[in-house]
Amino acid sequence: MRLSVAIDGPAGAGKSTIAKIVAKRYNLMYINTGSMYRAVTYKALEKDIPPENIEALCNLIETMEMHFENDELYLNDVNINDQLTVPNISKNVSAYASIKEVRTRLVKLQRDMSKKYDVIMDGRDIGTVVLKDASFKFFLTASPEERATRRYEELKAKGLEVDYSSILKDIIQRDYLDSNREVDPLTKADDALEVDTTGINIDQVVNKICEYINNGLELSMR
Ligand code: DC
């Protein structure tokens, strides 16, 4: 059976940073599902397709071949990672990610990847919907203020003009939308290990996760 690790949690909880490190330790393919929703948003905005035009969105997704190489998303063989984290995409992505038809299509693509490769996948619904039978599930959290600070530093390091208070506002609004939408809202799976990353460093989080995985792997070999 393939190894699969699910990491869910709100924006800025450290999911992608942690997932990339854990991926290297266990030789897993890292799948950032948020970037797939961002890619749909990016293309929809480029083509002026509003979230209400579900038929056009479904047709658009049909034209989008997405795969991951070295932790990054390739859309139709082009690396579009840098275009996906800009504020305009962050502001609009929840509206597209809350559409049932969009989710059905992306969930199918994500499941197909997990059938082909050993994966670590991060998102909002991985442990509850996409990989219900994942070998290991984690739910990462951190306070909104800590998450906003992390996003601020990340965008500033990329040379973007950013404003802390609008990032915090955006995070709080996105938490609300992601947790309260009708389709596949952000919730912790009953069998996920919750890790609060507020005030603890990356190494400590990675150690916690790897210890949990190692114990599970050891048990399954007995
Ligand atoms: O992780 P992120 O901030 O890049 O995610 C972007 C948006 O996509 C976020 O508002 C929630 C949504 N998303 C989702 O609904 N389901 C996922 N599996 C991953 C992300």
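As recorded in an unreviewed UniProt entry, the protein goes by Cytidylate kinase and comes from Clostridium fungisolvens. The UniProt entry for the protein carries the following text under Sequence similarities (unreviewed entry): "Belongs to the cytidylate kinase family. Type 1 subfamily." Checking UniProt for the protein, the heading Subcellular location (unreviewed entry) contains the comment "Cytoplasm".

(A) Molecular detail of the sheet that holds strand β4 (residues 72-75). The three strands are arranged β3-β4-β5 in an open sheet whose pairing can be described as antiparallel. Every interior strand has two partners, whereas the edge strands, β3 (66-69) and β5 (78-79), have only one. Where helix α2 (residues 33-46) meets the sheet, it contacts β3 and β4, and its direction lies at approximately 130 degrees from that of β3.

(B) The packing of helix α3 (residues 54-62) against helix α6 (residues 100-116), seen in detail. Between α3 and α6, the shortest axis-to-axis distance is 9 Å and the interhelical angle comes to 15 degrees. Here α3 lies roughly parallel to α6, going by the angle between them. Both α3 and α6 take part in a crossing whose hand is right-handed. Each of Ile54, Leu57, Cys58, Ile61 and Glu62 in α3 lies in contact with α6, whose residues at this interface are Glu101, Val102, Arg105 and Leu106.

(C) Here's a closer look at the layout of surface pockets. Each pocket or cavity is described by its volume, and for the largest pocket that value is around 970 Å³. Forming the walls of the largest pocket are 46 residues, and the residues nearest its centre are Ser16, Tyr30, Asn32, Arg151 and Glu154. The residue makeup of the lining of the largest pocket, split by class, is 14 nonpolar, 14 polar and 18 charged. Considered as a void within the structure, the second largest pocket measures approximately 310 Å³ in volume. Looking at the second largest pocket, it is lined by 17 residues, and the ones nearest its centre are Pro87, Ser90, Ser166, Ile167 and Asp170. Those elements that provide at least two residues to the lining of the second largest pocket are α5 (87-97), α8 (144-157) and α9 (164-180). Take the lining of the second largest pocket: its biggest share by element is six residues, from α9.

(D) Inspection of unusual backbone geometry at higher detail. The phi dihedral of Asn27 is positive, around 55 degrees, even though this residue is not glycine. Tracing the backbone shows Asn27 in the loop between α1 (15-26) and β2 (29-32). With a phi close to 70 degrees, Asp71 is a non-glycine residue in the positive phi region.

(E) Representation of α1 within the structure. In a regular helix each residue adds 1.5 Å, so 12 residues correspond to 16 Å; α1 covers 16 Å between its end C-alpha atoms and thus fits that length. Among the residues of α1, those classed as buried are Lys15, Ile18, Ala19, Val22, Ala23 and Tyr26. Projected onto a plane normal to the axis of α1, the buried residues spread over an arc of 135 degrees and lie on a single side. Turning to α1, the residues buried within the fold contact β1 (4-8), β2, β6 (119-123), β7 (136-141) and α10 (202-221). Asn27 sits one or two residues past α1 and shows a positive phi near 55 degrees.

(F) Highlighting the sheet that holds β6. On the basis of which strands lie adjacent, the open sheet formed by five strands has the order β2-β6-β1-β7-β8 and parallel pairing. Both edges of this open sheet fall to β2 and β8 (193-196), since each of them pairs with a single strand only. Looking at each pair of strands side by side, their axes are set apart by 20 degrees on average, direction ignored. As paired strands, β1 and β7 are joined by four bridges and run parallel to one another. Bridged to Val5 within β7 is Phe136. The strands touched by α1 within the sheet are β1, β2, β6 and β7, with β6 carrying the most contacts at an inclination of about 180 degrees. Against the sheet, α10 engages β1, β7 and β8, with an angle of about 160 degrees to β7.

Analysis parameters
Residues numbered from 1 in each chain as written. Predicted model: local features only at pLDDT ≥ 70, side-chain atom pairs only at ≥ 80, totals over all residues. Heavy atoms only, no water. UniProt positions renumbered as here; feature names shortened; annotations may be inferred. Pairing = 2+ DSSP bridges. Helix = DSSP H or I, 4+ residues; strand = E, 2+ residues; numbered from the N terminus. Contact = heavy atoms within 4.5 Å. Axes fitted to C-alpha atoms, helices over the stretch in contact; angles between N-to-C directions. Parallel < 35°, antiparallel > 145°, perpendicular 65-115°, else oblique. Left-handed = near helix turned anticlockwise from the far one by under 90°. 1 Å grid on protein atoms, 1.4 Å probe; cavity = no way out; pocket = protein on both sides within 12 Å on 5 of 7 lines; lining within 4 Å. Points joined across faces, edges and corners; volume = space filled by probe spheres on them. Nonpolar A, V, L, I, M, F, W, Y, C, P; charged D, E, K, R; others polar. Expected span 1.5 Å × (residues − 1). Buried < 20%, exposed > 50% of the residue type's maximum accessible area, 1.4 Å probe, protein only. Arc of directions from axis to C-beta.

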